[in-house]
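Analysis of the macromolecular model
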Amino acid sequence: MNTLLLPDWSAVLAAGAPTAGGKAWTLARLARYDFAIPAGMVVPVTAYRAWLTASGLETALLEAAAGPEAGRTTALGKLGQQLRATPVDERLADILRVELTCPPWRDAPLAVRSSSPQEDSASASFAGIHASCLNVRGSTALLEALVQVWASLWTPAAVAYRQRFGIAQAEAAMAVLIMPLVPAMASGIGFTCDPRDGRDDRLVIHASWGLGESLVGGHTTGDEIVLAEDPLDDHLTLLEYTPGDKRVATVPAGGHGTARVATTPDKAGAPVLDTPRALALGEQLRLAAQALDYARAAYDCEWAWDGQRFWLLQARPITAMGRCTYPELANQPDIWSRGNTRDVVPAPLSPVDWGASRRLVNNLLEGGYRLAGFTLHPGAQRAGLFHGRLYLNLSLMQWEGYAAFAVAPAAMNRLVGGHQPEIHVPALDRQQRLRRMLGMLRFMRKAGSLRQAGETAATALLADSHRWRHQPLPADDTGLAAELRRLTRHGREQHALHFMQGSGGASLSLLVDLIDAHLPGEGHALASALLAGGPPSVTARQSYELHALARQAMADPVARAWLDAHRREGGDWRTLPTDNAFRQAFADFLERYGHRGVYETYLRNPRWRECPDYLLDSLPGLAATDLAQLQARQARCVADATARVRAALPWWKRGFFRSLLRSAKQETNGREAARSALIACTEPARRVLLAVGQRWHERGWAGAADDVFLLMPAEILAVLDGQRPGTSLGPLIEERKGQLAAWETDDVPDVILDGTAACNIAATAPAAVNGDNIFHGVPVGSGRAAGPVRILHSPEEGRRLEHGAILVVPSTDPAWTPLFLKAGGLVMETGGFLSHGAIVAREFGIPAVVNLPGILQILRDGEHIEVDGVAGTVRRAAALPS
């Protein structure tokens, strides 16, 4: 590597941010992704260090920076004069003179800008701290500008900024970025979220005539343009256009530098960008931010318009922005937890999965509050991506539950699962309690009809998904883009289903509270027992039907022999004879449930219809399950719990109890039905995405069809719409693969405060008494069971689960459910009272305890434990009565 000059973006990219500086390296990444970035070369940090050493002033500068604040400005000012008198190394000067004789540098006016390694980072922007020189012409002026930028590292402002952010003065370094000056008709700044209130569904653009110096320097306010993401498909729309003061513009001076000039009256009164251009710029800014960091695409970008195209001149993470939250939470931290989401999305989210989840989470959680008439905070985001994992903002969820329904933060934590702090809430006076009671009554009055609408919608959505799966795919990119947008909108319009899945815990919570009021501490356990059996949820019915298939297969010699061979060698079930009864039954099962899959929330994961191996491999083990025994256990649980609750409740509350119990069963079943239908809606979308990926693979733009899942939805649509070149995808996909692989190895905390201070509860053992032999969690399944531990990390390992063994898992999604038929009991690291594993464990009457972080690292395969679904404890053999 040339230690004096990095001549192009590829050299900058290879050198990295420590050598080329944050600003230059970020632009090099964008250039690699084919964004409109002017040419660039960089004088690296090594050249600066050699210049500083030649000045002989480094020790004096460090001493002045560490000295008393009163004399620091004077001392640094004097040293700065000496520093600026230090010439550029002649070897570097010669290299730059040669470069300026070659395209694109020959006779070009230049922009010479700072690019410190600490600059433009997620924690420190250094905005306006270091020098930039515009309209630099010729080698002599370039060398002068180079020295000016280097010396700006030691101004009083730069020293104070480093001190404020805890950056050691000895680590200060400077690379210098050199670019052709864009002949800007207009320029400005764009934020890919609203920095004032933190809304991530807004973009804010400031635009002025000429170069951006007038805007940055405060000599003009320029126009302010606010764009909004459409809630149904995320396309950008113009929300506000506020004209500003544009009477002054900065333009290149006749010789060197810039000058401020008065604009003509017609330009001063005209909008800088019309609506189509504003939308086109907004889309380019959004795509650039997503390319740089799809997990946190909040960037502050500088742009310029030359009359033909928009150029990106800088992109840095927004380091200071408002919080989009309720006033009551303004002085409390954001509590981000994955105690609930680990249940269904334990691994990192690919870009396409995050693109769907960041809106879906809000849709699921907001419906119940809207139904109750509660005023939600506009733009509040309840989903976050940290270490690639999906987190929920428990501060928002705890406050909304309390403010709308008087649900205490501790109770909300129990419902969602996880071990996270509780927000501070004010005590409620009588009027406030009455208002919340009225909200709950309004919710309960309207919930029934909305739930009925959801049941109808679920049936319709399953039928729609079946039809869309069989319709021909569009023949061209435009048609594929239109189909993806249609499917996205249709999925987000399923408000009744979102309500069913996201707000299905109200009656259950009231039921637990009612029981607890008369049988303190037994609410969760008895409610779990009461919900055993009854009309099966779609997930339980799926398991029962799979069990029937297993019995049929084991009774069929042809099918049984084929399954034995399949476990050894694999194979396609459709090679069974066409008149085989098991084959037909399995085809019917896939027709009903083939849209589901292992960890099906990930759009990138195949559906059972595509890859049914897990189902086929589970059949021999399921066949031995005694359903009659399961049903007897369910009946016993219900009878015992009913008798205990009836004896404790006064007669005048028993009618309310029966109503709550009926509603709780309907809600939990509805939650599973809604999930199944919404997952069915993703299957046609997955089909279209794979078709897109296959076409891109055939064009040489992607290494494989499933690489499409490594892109954000907006990125996919931009290529299909022709706004972005397909040739830009390869480098982006490769970087995303590396990012996901790195996230897989991260030590991931369960709780994050304010997005920075992590509290790694996942690495902490669950609360224990009697040494390390008794562990307390949340009881979600009734009864007690003892047996050997079988630790599984994936449902595909299910053949290792013996009948009657205690299933110990990190999390569960619907693909785990068939294993519940074999398990004697269930222990989960994650989960709460409303998690999927809890719902199905209750339904099957399985003793279950959840929310035991770290339990997989404590228990050992094969050791004997007791699971107490009444007390919520897990006991090792040493703690069991002899």
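Residues numbered from 1 in each chain as written. Predicted model: local features only at pLDDT ≥ 70, side-chain atom pairs only at ≥ 80, totals over all residues. Heavy atoms only, no water.

Some remarks on helix α4 (residues 45-55)
Taken together, the buried positions of α4 are Val45, Ala47, Tyr48, Trp51, Leu52 and Ser55. Each buried residue of α4 lies within a common arc of 155 degrees when the element is viewed along its axis, so the set occupies one face. Residues Thr53 and Ala54 are exposed on α4 and point more than 90 degrees away from its buried face. Just downstream of α4, glycine 56 is the residue with a positive phi angle, here 70 degrees. (Buried < 20%, exposed > 50% of the residue type's maximum accessible area, 1.4 Å probe, protein only. Helix = DSSP H or I, 4+ residues; strand = E, 2+ residues; numbered from the N terminus. Arc of directions from axis to C-beta.)

Comments concerning the nonpolar core
The biggest cluster of nonpolar side chains holds 233 residues, and the ones touching the most others in it are Leu30, Trp150, Trp154, Trp303, Trp696, Ile716 and Leu807. For tryptophan 150, the residues in contact, after removing those within four places along its chain, are Val43, Ala47, Tyr48, Trp51, Val88, Leu92, Met174 and Val176. Within the second largest apolar cluster, 16 residues are counted, among which are Phe775, Ile791, Leu852 and Val867. (Core = buried A, V, L, I, M, F, W, Y, C linked by side-chain atoms within 4.5 Å. Contact = heavy atoms within 4.5 Å.)

What to know about the sheet that holds strand β4 (residues 175-180)
With antiparallel pairing, 4 strands are arranged side by side in an open sheet as β1-β4-β2-β3. Two strands bound the open sheet, and with one partner strand each, they are β1 (41-43) and β3 (132-136). Between one strand axis and the next, the sheet turns through 20 degrees on average, direction left out of account. As judged from the 3 bridges shared by β1 and β4, these two strands associate in the antiparallel manner. (Pairing = 2+ DSSP bridges. Axes fitted to C-alpha atoms, helices over the stretch in contact; angles between N-to-C directions.)

Here's the deal with the pattern of salt bridges
Within this structure, the stated rule accounts for 57 salt bridges. With a shortest N-O distance of 3.1 Å, arginine 604 and aspartate 353 are connected by a salt bridge. Here aspartate 353 lies in helix α13 (residues 351-371) and arginine 604 lies in the loop between α23 (581-593) and α24 (613-622), a separation of 251 residues in the sequence. Exposure remark for arginine 604: the relative accessible area of 26% places this residue in the partly exposed category. Put simply, glutamate 545 and arginine 592 hold a salt bridge, and the shortest N to O gap is 2.8 Å. Of the two residues, glutamate 545 sits in helix α21 (residues 538-555) while arginine 592 sits in helix α23, which places them 47 residues apart along the sequence. One network of salt bridges, in which partners are shared, links Asp200, Glu229, Asp234, Glu283, Arg286, Arg358, Arg359 and Arg492. (Salt bridge = Lys/Arg side-chain N within 4 Å of Asp/Glu carboxyl O.)

A word on a nonpolar patch on the surface
A surface patch of nonpolar side chains, amounting to about 390 Å² of accessible area, comprises Leu434, Met437, Leu438 and Leu441. On the secondary structure map, methionine 437 appears in helix α16 (residues 430-470). Given the relative accessible area of 52%, methionine 437 is considered exposed. (Patch = residues over 30% accessible without salt bridge, like charges linked within 9 Å, V, L, I, M, F, W, Y side chains within 5 Å. Areas by Shrake-Rupley, 256 points an atom, 1.4 Å probe, with all protein chains shown as cover.)

Focus on the packing of helix α26 (residues 651-698) against helix α30 (residues 836-844)
Interaxial distance between α26 and α30 falls to 11 Å at its minimum, and their mutual angle equals 125 degrees. Between α26 and α30, the angle falls in the class oblique. Crossing angle aside, the handedness with which α26 passes α30 is left-handed. Only His836, Ile839, Val840, Arg842 and Glu843 of α30 make contact with α26, whose side of the interface consists of Lys665, Thr668, Asn669, Arg671 and Glu672. (Parallel < 35°, antiparallel > 145°, perpendicular 65-115°, else oblique. Left-handed = near helix turned anticlockwise from the far one by under 90°.)

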